[in-house]
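# Results of the structural survey
Residues per chain are reported as follows:
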Amino acid sequence: MQENEFEKKLQQKLEMLQVQPAAEVWLKVKSQVAQKKKKRRFAFFFLLAFMLCAGGLVTNMLLNKPVNDSSAGNAKIAGDEMEIPADKDLNETKPAANSEANKEVQKATASEKKSALAAAIEDATGNTIPANNKTIGLETNNNKNSSAVRKPIKRNTKAQFKVAAITPQVDEDETEIAQSNYEKKASSQATTTVKTVEKEEGEVAVADSEGIKEITVTDLNAEEKTKQDLKKESEPEKAAVITEENKKKSNDRKWGIGFSFAAGINKVGSSSMSKSFSQEDYNGGVSGNPNTPTAGLNSSSVSPMQPGYAFATGIQVYRKLGNSLKLTMGLQYNYSSLVSKTGKRLDTTAAVRFEMYQTGSSVNYTNRYHYLTIPVSLSARLFSIGNREIWMDAGASLSQLVGTNALSFNSAQERYFTGVHDLNNTVLSLSAALAINLANSNKPAFYIGPQVNYALTSMAAGGLHQGMHPLFVGIRVQKNLWK
Amino acid sequence: MQRLSLNHCQPHIPMDYRQLVKDCIKEKPAAQEELYRHFAPSMLGVCYRYTKSVEDAEDVLQEGFVKVFLHIKDYTASGELGAWIRRIMVNTALNFLKKNKKYRTEMVFTEAPLHPVTDLNPQVNLDAKELAELIRQLPTGFQTIFNLYAIEGYTHVEIGQMLGISEGTSKSQYARSRYLLMEWLENLSSTSKHKRYAGK
């Protein structure tokens, strides 16, 4: 026999060979395909969620950057006004150029500072000090330091502004007021404001309240003093305005992140239930195959689904669209359940990877559904009661089924099965909620309120869950991470 | 082996697979089941030839169909769907043989001199079922190479690549398996002749 002929004959004969597989094989194939798809989808949703969160955070950081920059700018603008603890070493905040002088300054006692202040006031009023290029030395007990102390220190305090604000014609009462104002500030241990003012023509420098050693007035006539004084007077106001702006900007932060948790009852509409089970007999399974679970579902033997518990928890990113409108998007894990009554559980062989239950009502079987959800909602502030803001949310969500132990029914065997289901993997839902902000106005929002969620997509095209649209009713709490 | 059947018993129904494939890509359960029901018996026949038991063949079939449904979007309509699924089944069967302890030890191919071509000329009067049973009597290595070369039509180069052996090894293994099979067929044919004469 020719080699090819032999092979040809074998091919022809063996192509006819057919072996009918066991019914279990298809169920296993179906179950395995569903599991692998779930894994893929879960991975996809996880990746999507990660990207959303990462994107949200990055966007948030980028959008907040100008705010930080402006605050940095403010610090620059008011670079002459830095707040440091009163007891803090000035060297930490001063340029190296002044470090030597600062060391000298630190040696002065508080009484010396006060006397220096008095001298400064006296000097500023022009009563005893010549107008041009005068350096007033502090009369300290430590004469060794006096020469060093005489070095000009280009630092001013608010107190010095007060000093500078006093015109040469100021009377004694005003001087006293200025002094007392300064002393108040000097005695305050909370914070010390240090200011450095450099002028082309004139220079007024006073060490901070804790370390005043010397005041130098250089080529500054009265008019210029007045102008400068006015300018300096306006600077604290300017700083105050900037601070206000910062606060406002902080309040106007457009992006934010929060967490939410909702718990309640999951039920299916009675109308859809009656519709589902009113039919005498229908093919819930695939193409009416008798091997398919749920094929030929009979109303008499099938338990209706009863309400079960549900909860949802997740992270959300929101964007303010105005004072009373915001858009929220997030990622949630949703758990929901429905209870069905079955008979006893049947022992299955190890080869079969699903559970079987008889028909009956002795066992309450909880069908659990695990979804990953991407909710998108629009929130509008309705009104405020006192300090409490009332918001209303409306939105939609897309859910992906990631796991379930839901029962299917095989009417041929009159048995319930797990492991194989005809549930829709993707569900579109609508949601509405009320949210009352319980947090104080200066704290990140904490909302609580009722929530309703209705699935537009039916749970399954056939089988036990055919035509069911779950309705979730519960309470939701939301906590924002920052204001 | 009550589940074994012959193809000619059922009328061949020409099918338009395009819509079926489209629906399978859309993950419609009905389409998936239809595809499975249509191809499962013949594909189990393929898997059956590579394994030693029906249970193992069903495991290969299950794994193969999972791959089919997960990768059906990769199927190009230019080729025949049956051939595409068959290739998947063959590859799955080979993986199964390599991974399964029962078969792994017999899947070691040793380089051997080419077996001389036999002068035997047996008549292949056996039906598909009997032939398949005969092939399954071969040692796993021979069985695999015989299936790949004689039934699937792969070349020795391709077989070498698939099994990680040289072309020469594939040729020698095939020659030995073919010789064994022809000998068995010859014996069977002579036995049947004897029976026939004895009957007369």
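In this text the structure is predicted, and so the values were computed from the model without any measurement.

Next up on the list: the overall build of chain B. The helix and strand inventory of chain B stands at nine helices and one strand. The secondary structure elements of chain B, listed N-terminal to C-terminal, are β-α-α-α-α-α-α-α-α-α. When the 200 residues of chain B are sorted by exposure, 48% land in the buried category. A fraction of 73% describes how many contacts in chain B between residues 6 or more apart in sequence connect residues 24 or more apart. Of the accessible surface of chain B, which amounts to about 10,200 Å², a share of 52% is contributed by carbon and sulfur atoms.

This part takes up helix H2 (residues 29-50) of chain B. A turn of α-helix holds 3.6 residues, and therefore any two residues three or four places apart point the same way. Residue and element names in this part refer to chain B. The first and last C-alpha atoms of H2 sit 29 Å apart over 22 residues, in line with the 32 Å expected at 1.5 Å per residue. Bending of H2 peaks at approximately 50° at the position of alanine 40, with proline proline 41 no more than four residues after it. Extensive coverage of H2 is indicated by the burial of 16 of its 22 residues.

All names here are of chain A. The eight strands lie next to each other as S7-S10-S11-S14-S15-S18-S19-S20, forming a closed barrel whose pairing is antiparallel. This sheet shows a mean twist of 25° between the axes of neighbouring strands, independent of strand direction. Pairing of strand S19 (residues 446-455) with strand S20 (residues 470-480) involves nine bridges; the strand directions are antiparallel. For glutamine 451, the partnering residue across the bridge sits in S20 and is glycine 474.

For the rest of this paragraph, the subject is the pattern of salt bridges. Tallying each qualifying case throughout the model produces 10 salt bridges over all chains. Arginine 381 of chain A is the partner of glutamate 389 of chain A in a salt bridge, and the nearest nitrogen-oxygen pair spans 2.8 Å. According to the relative accessible area criterion, arginine 381 of chain A is partly exposed, its value standing at 30%. Note that arginine 49 of chain B is salt-bridged to glutamate 152 of chain B, the shortest N-O span being 3.2 Å. Linking arginine 49 of chain B in helix H2 with glutamate 152 of chain B in the loop between helix H7 (140-151) and helix H8 (156-163), this pair joins segments that are 103 residues apart in sequence. Per residue, the accessibility class of arginine 49 of chain B equals that of glutamate 152 of chain B, and both read buried.

Quick look at the nonpolar core now. Counting residues in hydrophobic clusters, the biggest one holds 69 residues, and the most contacted among them are Leu61, Phe65 and Phe146 of chain B. For this core, the leading source of residues is H2 of chain B, giving 11 residues. Two domains each provide a minimum of three residues to this core, namely domain 1 (17-102) and domain 2 (128-198) of chain B. Those residues in contact with leucine 61 of chain B that sit more than four places away from it in its chain are Pro21 and Val25 of chain A together with Tyr36, Ala40, Met43, Leu44, Cys47 and Met89 of chain B. Membership of the second largest hydrophobic core comes to 20 residues, among which are Val268, Tyr357, Tyr365 and Tyr416 of chain A.

As a further point, take the pairing of S20 of chain A. Residues and elements named next belong to chain A. Residues Pro470, Phe472, Gly474, Arg476, Gln478 and Asn480 line the buried face of S20, whereas the alternating positions Leu471, Val473, Ile475, Val477 and Lys479 sit on a face that is not buried. Bridging between strand S7 (residues 255-268) and S20 involves 11 bridges; their strand directions are antiparallel. Counterpart to glycine 258 in the pairing with S20 is asparagine 480.

For the rest of this paragraph, the subject is unusual backbone geometry. All names here are of chain B. Unusually for a residue other than glycine, glutamate 27 sits at a positive phi of about 60°. Here glutamate 27 shows up in the loop between helix H1 (17-25) and H2. Since its relative accessible area comes to 32%, glutamate 27 is described here as partly exposed.

Turning next to a positive patch on the surface. A cluster of basic residues, Lys36, Lys39 and Arg40 of chain A together with Lys73 of chain B, forms a positive patch on the protein surface. Position of lysine 36 of chain A relative to the elements: it lies in helix H2 (residues 23-77).

Scoring rules and cut-offs
Note on numbering: residues in each chain are counted from 1, in written sequence order. Throughout, the order in which chains and ligands are written sets their labels, letters from A for the former and numbers from 1 for the latter. Where local features are concerned, this predicted model is filtered to residues with pLDDT of at least 70; where side-chain atom pairs are given and counted, the filter is 80 or more; whole-chain, interface and lining totals use all residues. Hydrogens are left out, water is left out, and the side-chain values use all remaining heavy atoms of the structure. Only DSSP runs of H or I covering at least 4 residues are called helices, and only runs of E covering at least 2 are called strands; the numbering of each starts at the N terminus. Here's how the labels work: a residue is buried when its accessible area is under 20% of the maximum for its type, exposed when over 50%, partly exposed in between, all with a 1.4 Å probe on protein chains only. Residue contacts are counted whenever heavy atoms from the two residues lie within 4.5 Å of one another. Using a 1.4 Å probe, accessible areas were evaluated by the Shrake-Rupley method; residue-level cover was limited to the displayed protein chains. A helix is expected to span 1.5 Å multiplied by its residue count minus one. One axis fitted to the seven residues ending at a residue, another fitted to the seven starting there: the angle between these axes is the bend at that residue. Following DSSP output, two strands are said to pair if at least two bridges run between them. Inter-axis angles, ranging from 0 to 180 degrees, are taken between N-to-C directions of lines fitted to C-alpha atoms, where helices are fitted over the stretch in contact. When a carboxyl oxygen of Asp or Glu is within 4 Å of a side-chain nitrogen of Lys or Arg, the pair counts as a salt bridge. Among the buried residues, those of types Ala, Val, Leu, Ile, Met, Phe, Trp, Tyr and Cys that are joined through side-chain atoms within 4.5 Å form a nonpolar core. Domain limits in this description derive from either an automatic procedure or a database domain assignment. Patch construction takes residues with relative accessible area above 30% that form no salt bridge. Like charges are linked within 9 Å, and nonpolar side chains (Val, Leu, Ile, Met, Phe, Trp, Tyr) are linked within 5 Å. For the charge count, each Lys or Arg is scored as positive and each Asp or Glu as negative, with His and the chain ends excluded. To locate a charge, take NZ of a lysine, CZ of an arginine, CG of an aspartate or CD of a glutamate.

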